[in-house]
Every structure is written in structure tokens, then in C-alpha cells.
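Examining the three-dimensional arrangement
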Amino acid sequence: MVNKTEKHKIGITGQAGFVGSHLHTTLSLREDVELIPFERSFFEDMEALSQFVSNCDTVVHLAALNRHEDQNVIYKTNIKLVDELIKACENATVSPHIIFSSSSQESRDNLYGASKKEGKEKFMAWAGKSEGKFTSLTIPNVFGPFGRPDYNSVVATFCYKVANGETPTIINDGEVGLIYINDLIKVFIDTIFGEQEVAELGENSFGVDIAPNHFVKVSRILELLNKYKSDYLQNGIFPNLDDYFQKSLFNTFRCYISEDHYPVKYTEHTDPRGSFVEISRTETSGQFSYSTTVPGITRGNHFHTRKAERFAVIKGKARIQLRKIGTENVINYYLDGKEPAYVDMPIWYTHNITNIGDEELITLFWINEPYNPEDADTYFENVE
């Protein structure tokens, strides 16, 4: 078990990739972790790579090439990355716990799978002759926000195409086994901190075969995404988020919506009595609330990892800001209660709202989970 009184030093090769970025940002929320920065260039600089591994208690090795027109390039690249990492540990005379991202492809007859299988065997040999520890995580198909279309998964590809007005093509309508990125990251973190059940593979070597937690036909995925497009993207209706897979798929879909989609203006119905505006239609439960904000004051500066949230300005002038965690680009939206409008908050985007007018700002909020102080899923970080 990790000593809880000291910060555990963790480095992630491939920390800029799909899984790596999610692991990095999730670990950054923990006070018992010190993240050791990694740069891709380290693999071309043995001194830098050796310094990197010497600073780590745990190295999560995610760096790999998944796709290339030449399968031999994939194989050679992935084997080289393993060899360089082992060499760096030997040069620095250190034996960190190495956690390796393997794949269910390792049992199949292709060079990508061969690179994963042989990479695992090399790490096992290293662990057997050193005082290090090695754990291999065999990972199924992963989906979640910020995956690269045409690279990480069919879900990323379909989400991007549907959100951007393209029509995906189903080549093989088979059932796919999937794991949501948040669930995969939990396995990684439990493995780091010795809380994951593992199987012994050899001396100082262990393995985890991670099972998919969703089995879905490709056509069903596309059916749901097309529903999100018609109901949510075109009409602002939140889908049923009580089903875990659908909530995960919806949060994935939302990250591919163009930032130009917001703010979305409401339809205001006016008669001699005044006006009426429908704020939100949902197929799910949630919590409605409102706030008043005096001029010059900012609310928020926090983000969520699973919640869907809507800010609706009905009176006054507001600036809503969003920034994806781990990036510097700030998105600004300007709303005026004279033309009521809303902006929805994607997960992993820190956000705030500022009264930029001269009168009281009134904002209505909807979020799909009632606030629970024991599990708030609210993390504070300034947008700017």
C-alpha cells in the first residue's frame, strides 16, 4: 500500500493522449499525489527519460502508436518505447512500479497486438530481475469525452460526425464491448494505490483483465446519437440520464458540439399580461434553482466530471466563461435577458458567470443531479 502521509509521485507517458489526459486530470484532484511532468521528446533524450523515471514512484506507460498505414511501424514504435523505458530505469538504477496499458488485441494475429504482448513480456522480464513491480492492464474498447475521431474509437468517430452534421457509416453492425473512460481511470488509480484485485503473472508481475461494462450494438449507438442530435442539439431537450450508459454517451457526444452552438436563444411568448419562456425540457430528473447577482460579481469557477448543467439568463447582462481543464483557451459567451438564452456546461470545463451589466442579474440553473454535499462532483478552479 502507498504511504498516505507522503505524496505519491506518478508519471504518465503519453499524458497528452486520450486516456493519459483523463488520468492526469483526475489524479490532479488528489492531494496525496504529485504528478511528474512528461514530454514526448523524453523518448529521444535518454538523460531526460532517466531523470523522469528516477522522480517517479509509479510510471503509467500509455505512450503507444495505435494506427498507421504500415503495421510494422506500429510494432517497431511500441517495442522501442518499452525498450527505452526499461533502459532508462536501468540507467538511473531505479525500480518504480510500472503500469502498462495493454490491449485485448494482444491475443489476436496482428502486429499491434504483438507489440502489446511482447511489450508486456519485456516488462515482466525487467521486473523479475529488478526490485521493481510491474502490472499489466488489459483494456477493452474505451469511450468518453475528448477521444480522437477516426483514431480512438467508433464512439468518438460517430459522436463527431453526428454533432457536426455528417452521416456515419456502419460497416459491421456487431455488438461491441465498451468501458467508459471514468470507469477505466478508476481501475488505473486503484492499481496505483494497491486497491485493485490483480492476478499474479510472474515474479513481481501482476495483471488485470478489465472487462467491458457495456455491450451495445453499433446501430444502437448511432440511434441514440441521432436522438441526441434531434432532441438536444436541435431542440434543447435533455435525454434520459438515469441510464448510466446513456449518460456516459451523452456526455461524450456533448464534447463534440461546436462552441458556436451557444448561446441558444429561447422562444419568448409575449401577450398583454407579460411574457413566458420555457427554460428546459428533460427526460430525466434534476434540480432547478436560480440566483441573483449584483453588478461586477462572478459566480462559479468550478467544474464537474459527470453532471449536465444549464445556465439560463432571463434578466440582466452576463458573461459566461468556460475553459477545458488542462488547456488555456477561454471561451466567452455574452447573454442579455432582453433576449433570454442559455449555455450548457460540458463536463471537465471549469465555468463561471459574471454580471457585466448595471442591474441585477437573474440566472436560472438546471442540473441533472440534486446537490449532495457528500458527493458534490464540484471541483473549484478559476477559469482565468
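Here, every reference points to the structure presented above.
Residues numbered from 1 in each chain as written. Predicted model: local features only at pLDDT ≥ 70, side-chain atom pairs only at ≥ 80, totals over all residues. Heavy atoms only, no water.

1. Some points on empty space enclosed by the protein
Leftover empty space is mapped by rolling, across the atoms, a probe with the size of a water molecule. Heads up, the rule is: Two kinds of site are reported from a 1 Å grid over the protein atoms alone, namely cavities, where a 1.4 Å probe fits but cannot get out, and pockets, open sets with protein on both sides within 12 Å along at least five of seven lines, and residues are called lining when an atom falls within 4 Å of a point. Grid points are joined across faces, edges and corners, and a volume is the space filled by probe spheres set on the points. Helix and strand definitions follow DSSP, with helices as H or I runs of at least four residues and strands as E runs of at least two, each counted in order from the N terminus.
Within this structure, the stated rule accounts for 1 cavity of 30 Å³ or more. Here the largest cavity defines a volume of roughly 40 Å³. Along the walls of the largest cavity sit H61, A63, A64, N78, V82, F100, S115 and K116, which together make up its complete lining. Put simply, the parts of the chain that give the lining of the largest cavity at least two residues each are α3 (71-92) and α4 (111-129).

2. Considerations on the pairing of strand β4 (residues 97-103)
Inclusion rule: The classification of residues rests on relative accessible area computed with a 1.4 Å probe and restricted to protein chains. Under 20% of the type maximum is buried, over 50% is exposed, and intermediate values are partly exposed. Here, a strand pair is defined by DSSP locating no fewer than two bridges between the strands. Consider the strands pointing away from the viewer: the crossover is right-handed when the path from the first strand over the helix to the second runs clockwise.
Among the 7 residues that make up β4, 7 are buried, leaving the element largely enclosed by the rest of the structure. What you see with β4 is no split at all: H97, I99, S101 and S103 on one side and I98, F100 and S102 on the other are buried throughout. The pairing of strand β3 (residues 58-61) with β4 spans 4 bridges and is parallel. Bridge pairing in β4 links V59 to I98. With respect to chirality, the unit in which β3 leads through α3 into the neighbouring parallel β4 is right-handed. For the segment spanning β4, α4 and strand β5 (residues 133-139), crossover handedness is right-handed.

3. Quick look at the sheet that holds strand β24 (residues 379-380)
In space, the 5 strands of this open sheet follow the order β20-β19-β22-β17-β24, with antiparallel pairing throughout. Strands with a single pairing partner mark the edges of an open sheet, and in this sheet they are β20 (330-336) and β24.

4. Here's the deal with the packing of α3 against α4
Applied cut-off: The axes used here are C-alpha line fits, helices contributing only the stretch in contact, and every angle between their N-to-C directions lies in the interval 0 to 180 degrees. Oblique is the label for every angle not falling under 35 degrees (roughly parallel), over 145 degrees (roughly antiparallel), or within 65 to 115 degrees (roughly perpendicular). By definition, turning the near helix anticlockwise from the far helix through less than a right angle yields a left-handed crossing, and turning it clockwise yields a right-handed one. Any two residues having at least one pair of non-hydrogen atoms within 4.5 Å are treated as being in contact.
Their axes nearest at 8 Å, the elements α3 and α4 cross at an angle of 15°. It follows from the interaxial angle that α3 and α4 lie roughly parallel. By crossing handedness, the relation of α3 to α4 is classed as right-handed. Touching Q71, N72, I74, Y75, N78, I79, V82, D83, L85, I86, C89 and E90 of α3 are L111, Y112, A114, S115, E118, G119, K122, F123, W126 and K129, all from α4.

5. Examining the sheet that holds strand β10 (residues 214-217)
Reading across from one edge, β6-β7-β10 is the order of the 3 strands in this open sheet, with mixed pairing throughout. Two strands bound the open sheet, and with one partner strand each, they are β6 (141-143) and β10. Averaged over all adjacent pairs, the angle separating strand axes in this sheet is 50°, with direction ignored. The pairing of β6 with strand β7 (residues 175-180) spans 3 bridges and is classified as parallel.

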